[in-house]
Amino acid sequence: VEDEMKASVRDVILKSIEDYKERPRADWVLAHPGQCVLNSSQAHWTREVEEYMSSGEIEAYFEILQGQISELVKLVRQK
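All figures in this text were calculated on a predicted structure; none of them were measured in a lab. (Residues numbered from 1 in each chain as written. Predicted model: local features only at pLDDT ≥ 70, side-chain atom pairs only at ≥ 80, totals over all residues. Heavy atoms only, no water.)

**Quick word on the packing of helix H3 (residues 34–55) against helix H4 (residues 58–77)**
Each pair of packed helices can be described by the angle between their axes along with the distance between the axes.
Phase 1: Relative to each other, H3 and H4 sit at 145°, their axes nearing to 8 Å. Two secondary-structure elements touch here, H3 through Trp45, Glu48, Val49, Tyr52 and Met53 and H4 through Ile58, Ala60, Tyr61, Ile64 and Leu65.
Phase 2: In the contact of H3 with H4, the residues fall into nine nonpolar, no polar and one charged. (Axes fitted to C-alpha atoms, helices over the stretch in contact; angles between N-to-C directions. Helix = DSSP H or I, 4+ residues; strand = E, 2+ residues; numbered from the N terminus. Contact = heavy atoms within 4.5 Å. Nonpolar A, V, L, I, M, F, W, Y, C, P; charged D, E, K, R; others polar.)

**Thoughts on the environment of Val49**
Phase 1: Relative to the helices and strands, Val49 resides in helix H3.
Phase 2: Sequence-distant contacts of Val49, defined by excluding residues within four places in its chain, comprise Ile58 and Tyr61.

**A few points about the packing of helix H1 (residues 2–19) against H3**
Phase 1: Contact pair H1 / H3: the axes reach a minimum separation of 9 Å and the direction vectors enclose 50°. As far as their axial angle goes, H3 and H1 are oblique. Crossing of H1 against H3: the hand is right-handed. Residue-level contacts link Val12, Ile13, Ser16 and Ile17 of H1 to Cys36, Asn39, Ser40 and His44 of H3.
Phase 2: Along the lines of polarity and charge, the residues of the contact of H1 with H3 split into four nonpolar, four polar and no charged. (Parallel < 35°, antiparallel > 145°, perpendicular 65-115°, else oblique. Left-handed = near helix turned anticlockwise from the far one by under 90°.)

**Brief notes about the packing of aromatic side chains**
Phase 1: Under the definition given, this model contains two aromatic pairs.
Phase 2: With 4.9 Å between their ring centres and 90° between their planes, Tyr20 and Trp28 make a pair best called edge-to-face.
Phase 3: According to the relative accessible area criterion, Tyr20 is buried, its value standing at 11%.
Phase 4: The buried category is assigned to Trp28, whose relative accessible area is 0%.
Phase 5: An angle of 25° between the planes, with centres 4.8 Å apart, marks the rings of Tyr52 and Tyr61 as stacked. Here Tyr52 and Tyr61 have matching classes, each one buried. (Phe/Tyr/Trp six-rings, centres within 6.5 Å; stacked < 30°, edge-to-face > 60°. Buried < 20%, exposed > 50% of the residue type's maximum accessible area, 1.4 Å probe, protein only.)

**Focus on the environment of Ala60**
Phase 1: By the secondary structure assignment, Ala60 is in helix H4.
Phase 2: On the basis of relative accessible area, Ala60 is assigned to the partly exposed category, the value being 35%.
Phase 3: Sequence separation between Ala60 and Ala26 is 34 residues, and the spatial gap between their C-alpha atoms is 20 Å.

Here's what the structure looks like:
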């Protein structure tokens, strides 16, 4: 039973990681369980930081992150 539970959680997380690039981030956040969003966004954040650091455009990524935070604040404040 435990192995099946782990496989199920892994499958859901992998789907959320793949779906990240397929839809706007705000929609993606609402489409997946919170733990999957947290885990998947950390994986993408790490990859994106490495890409922007190696290209020397970390300032541009800072702007993207600020936009993402603003989107999440709007989602949280919606009624």
